[in-house]
Amino acid sequence: MSELPEALRPWAAQLSLFPEDLALSLGAHVARLAAALGPMRARNEMEGGEPQGYDGLTRRGSPERLLMSEWLMALEAPDEFVRRAAFGEQAFLRPAFRQPQGGRRTVALLDAGPDQLGAPRIAHMALLVALARRAESAGAAFAWGVLQSRPGKQPFSTVDAASLGQWLKAGSDAPPLPAQLTAWREALELGRAPEDVWLVGSARLARLPGAEGLSHVAVDEVVAPGARQLSVAVRPASRPPRQVVLELPPPPQCVRLLRDPFATAVAAPVLDSRTSLVRSIQFSADGLRLLMTYANGGVAAQALPQSPRDTAPRPKRFMAPTGERVAALGWRRTGGLLVVTWHQAAASVHVHGTLRGHSAGRVLTLPLDALPKTLHASLVAGPPLLALSMLREGREVPLVLDRERTLHQLASGERLFTPLLHGVSALFERRSGLFFVDRDRREDRADSAPRIGCLAPKEFDGWTRTLPVEGSDVAYFGHMRDFSRHTPGPPLAIRKHLDEWWVTRDSHDEQKGAWVSFGLNGRVVGLCCWPLDTPLPGLVVLGDDQRTFYWVTGDGPAKLVVKASDRVVSSGVSPALPLMAWRTEQGEVCAWSFQHRALVYRATPGGTS
């Protein structure tokens, strides 16, 4: 971590546990809370101990400790000497005593109940850092624990990655009970008048039996429109209370602080000997699953974890029947794996999947000679195409995007309908419809203008817009909060030239957007819109080393995102989630979370599970 600002130097040792951006955000809270807590009170000089000279001046004392200057005043100005004595203005030497430092201790007991989960725990974390440094500077011991936990498993004596990691997992669905506070007082031998014990939680902690005489810190979220603040009331046992209002960090930093503040959680590699090497990957049309094909001819749809700590669910698999080869695959609109296979001997195409309005199993069988030439050629050769489905008049119709970027719908018992879209450069399926970027073919021009549109279940609900770009053939949708057909379109990036892109947060309005260019020797692989409140989405670029990914916006230089373990063969960014996936030359498949800045999925050569 680079050097902290001068104001945060006292807590450098504790803040060095965190990545730099989190240390700066948390450090601002630590500084304010430390000022509200104040230093540990010095023990009164009359408490005794072994005498150890003098350490300053005081206004009270015995005559033998009166300063020589005061005695001189008694000789030269006796009236002033008497006046100073009467008003307590005389100066005495203050004796110092050697105190047994091991006898001093700071204790913090934290509430992990339901009303302290989430954002209040950020204040708890800052308080732990401030209290640990406060005790260290006073030469006192520090002990802390969770009220709802058993004292036998705690307390902790340090604030480090291990102890904070256990504390983050110690959430409880019940508020603390009087018996739990009593158990902690007995285990820590706090006695009737503990010197420096802090209860951290809601205001109800001060009302627990046994909380009398203890210091208290009440943490509450500020409930107000648009407010992202914490109200912290510091109530020392022997000092006036202080009120502090903390501004919460940006949402992505809050999530990282509460889930993985030390950036140590990583996705465990997944290996399954039942499957073979992954040959290709692509996101499904809804962006929620990663579609994978294997060297043995099988395919799978993998739902990706949302956090490095999540467990990867088992993928939905499909192995083509004997004599058939997978020609297209995807995820059905109503749920389930959709697979199109080609049977060479029978010269036919089969659709597998439980489509609404059709019988279960193999629902469609189409002769190859009934297919358009472009679709025919695409199905019988090359890696699998993208498949999806749409609801038309109550029936689920399978769709296939061929290699000429034409979207076809498959119909049973007759020749295919007229292709739905031509020159498709981006597809994104949501509940509100199928968003697309294609070519406007009304004038049948090869250089026709690109347009964005939405195919809705009801024909009259769809819409199209012409985009302010010419000659583009590459586009990417980005993720955003859930939306419906009545809200703006998803974020979009569409290429004009090799390194010049038109980027917008609202693709429904062709007047909104900005031009973004980059000087990297690489290629754009997707669009990133994280954090959600970022003014303009950023392009995700794979560098010329074929390993390093960058994030490029119209403001400032490119930012490093992540570096893959080997050369990347294929990659993509989900249009529905803040996730990116790639496959390396060695066959490793990885998924990276922009939210957590960490791998959430990693499948090593040999398969996935």
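Everything that follows concerns the structure shown earlier in this document.
This section reports on the structure supplied with the text. (Residues numbered from 1 in each chain as written. Predicted model: local features only at pLDDT ≥ 70, side-chain atom pairs only at ≥ 80, totals over all residues. Heavy atoms only, no water.)

### Here's the deal with the overall build of the protein
The secondary structure content of the protein amounts to nine helices and 35 strands. A total of 609 residues make up the protein; the buried ones form 50% of that total. Within the protein, contacts between residues separated by at least 24 positions form 51% of all contacts whose residues are at least 6 apart in sequence. Carbon and sulfur atoms provide 52% of the accessible area of the protein, an area that totals close to 28,600 Å². (Helix = DSSP H or I, 4+ residues; strand = E, 2+ residues; numbered from the N terminus. Buried < 20%, exposed > 50% of the residue type's maximum accessible area, 1.4 Å probe, protein only. Contact = heavy atoms within 4.5 Å. Areas by Shrake-Rupley, 256 points an atom, 1.4 Å probe, with all protein chains shown as cover.)

### Brief notes about the state of the cysteines
Under the counting rule described, the total for this entry stands at zero disulfides. The cysteine Cys 529 is free of any disulfide, with Cys 528 supplying the nearest cysteine sulfur at 7.2 Å. Residue classification places Cys 529 among the buried positions, given a relative accessible area of 1%. (Disulfide = S-S within 2.5 Å.)

### Side note on the packing of helix 2 (residues 20–37) against helix 8 (residues 251–259)
Helix 8 packs onto helix 2 with a crossing angle of 95 degrees between their chain directions and a minimal axis gap of 11 Å. For the element pair helix 2 / helix 8, the angle class is roughly perpendicular. Of the residues in helix 8, those touching helix 2 at Asp 21, Leu 22 and Ser 25 are Gln 253, Arg 256 and Leu 257. In terms of residue class, the contact of helix 2 with helix 8 is made up of two nonpolar, two polar and two charged. (Axes fitted to C-alpha atoms, helices over the stretch in contact; angles between N-to-C directions. Parallel < 35°, antiparallel > 145°, perpendicular 65-115°, else oblique. Nonpolar A, V, L, I, M, F, W, Y, C, P; charged D, E, K, R; others polar.)

### Describing the layout of surface pockets
Of the volumes computed, that of the largest pocket is approximately 1,200 Å³. Taken together, 47 residues line the largest pocket, and the ones lying closest to its centre are Gln 282, Arg 405, Ser 425, Tyr 476 and Ser 571. Secondary structure elements with two or more residues in the lining of the largest pocket: strand 9 (278–283), strand 10 (289–294), strand 17 (385–392), strand 20 (426–430), strand 24 (475–477), strand 28 (523–528), strand 32 (568–573) and strand 33 (579–584). Among the residues forming the lining of the largest pocket, the class breakdown is 28 nonpolar, eleven polar and eight charged. (1 Å grid on protein atoms, 1.4 Å probe; cavity = no way out; pocket = protein on both sides within 12 Å on 5 of 7 lines; lining within 4 Å. Points joined across faces, edges and corners; volume = space filled by probe spheres on them.)

### Some details on the environment of Val 197
Residue position: Val 197 is located in strand 5 (residues 197–201). Take Val 197: its relative accessible area is 4%, and that puts it in the buried class. Ignoring anything within four residues of it in the chain, the contact list for Val 197 reads Val 107, Leu 190, Leu 214 and Ser 215.

### Digging into the packing of aromatic side chains
With the rule as written, the count across this model stands at eight aromatic pairs. Here the aromatic rings of Trp 71 and Phe 81 are separated by 6.1 Å at their centres, their planes lie at 25 degrees, and the arrangement is stacked. Here Trp 71, found in helix 3 (residues 68–76), pairs with Phe 81, found in helix 4 (residues 78–86); they are ten residues apart in sequence, far enough to count as distant. Its relative accessible area of 37% is what places Trp 71 among the partly exposed residues. Seen from their ring centres, Phe 428 and Phe 477 are 6.1 Å apart, and the 40 degrees between their planes marks the pair as tilted. Placement of the pair is Phe 428 in strand 20 and Phe 477 in strand 24, with a sequence separation of 49 residues. Taking the relative accessible area as the measure of exposure, Phe 477 reaches 5% and is therefore buried. Three or more aromatic residues joined by ring pairs make a cluster, and in this case those are Phe 428, Phe 435, Trp 463 and Phe 477. One residue, Arg 121, lies across the ring of Trp 167, its end atom 4.5 Å from the ring centre. Here the guanidinium or amino end of Lys 496 rests over the ring plane of Trp 515, the centre of that ring lying 5.2 Å away. (Phe/Tyr/Trp six-rings, centres within 6.5 Å; stacked < 30°, edge-to-face > 60°. Lys NZ or Arg CZ within 6 Å of the ring centre and 35° of its normal.)

### Comments concerning the side chain of Glu 324
Mapped onto the fold, Glu 324 is located in strand 13 (residues 324–331). There is a polar contact of 2.5 Å between the side chain of Glu 324 and the side chain of Thr 341. For Glu 324, the side chain forms a polar contact with the side chain of His 352, separated by 3.3 Å. (Polar contact = N/O pair within 3.5 Å; in protein donor to acceptor, adjacent residues only side chain to side chain.)

### Examining the sheet that holds strand 20
Read from one edge to the other, the open sheet built from four strands follows the order 20-21-22-23, with strand pairing classed as antiparallel. Here the strands that pair on one side only, and so sit at the sheet edges, are strand 20 and strand 23 (463–466). Shown here is a sheet whose adjacent strand axes are inclined to one another by a mean of 15 degrees, direction ignored. (Pairing = 2+ DSSP bridges.)

### Quick look at unusual backbone geometry
For Glu 189, which is not glycine, the phi dihedral falls at a positive 50 degrees. Looking at the secondary structure, you find Glu 189 in the loop between helix 7 (178–188) and strand 5. At Ala 347, a position not held by glycine, the phi torsion is positive, near 50 degrees.

### Here's the deal with the pairing of strand 4 (residues 141–146)
Taking burial as the measure, the six residues of strand 4 include five buried ones, the bulk of the element. One ladder, built from six bridges, connects strand 3 (residues 105–110) with strand 4; its direction is parallel. Within strand 4, the position partnered with Thr 106 by the bridge is Phe 142. With helix 5 (residues 120–137) bridging strand 3 and the parallel strand 4, this β-α-β connection has right-handed handedness. (Right-handed = clockwise from strand over helix to strand, strands pointing away.)

### Comments concerning the nonpolar core
Ranked by internal contacts, the top residues of the largest apolar core, which has 52 residues, are Leu 15, Phe 18, Phe 142, Trp 144 and Val 232. Setting aside residues no more than four positions away along its own chain, Phe 142 makes contact with Thr 106, Ala 108, Leu 128, Leu 131, Ala 132, Ala 135, Phe 156, Ser 157 and Val 159. By size, the runner-up hydrophobic cluster in this structure holds 31 residues, among which are Phe 283, Phe 435, Trp 463 and Val 589. (Core = buried A, V, L, I, M, F, W, Y, C linked by side-chain atoms within 4.5 Å.)

### Examining the sheet that holds strand 3
With mixed pairing, six strands are arranged side by side in an open sheet as 4-3-5-6-7-8. Here the strands that pair on one side only, and so sit at the sheet edges, are strand 4 and strand 8 (242–247). Neighbour to neighbour, the strand axes of the sheet diverge by 15 degrees on average, direction disregarded. Judged from the six bridges that link them, strand 6 (residues 215–221) and strand 7 (residues 229–235) form a sheet pairing that is antiparallel. Directly across from Asp 220, in strand 7, lies its bridge partner Ser 231. With respect to the sheet, helix 7 is in contact with strand 3, strand 4 and strand 5, its orientation differing from that of strand 3 by roughly 155 degrees.

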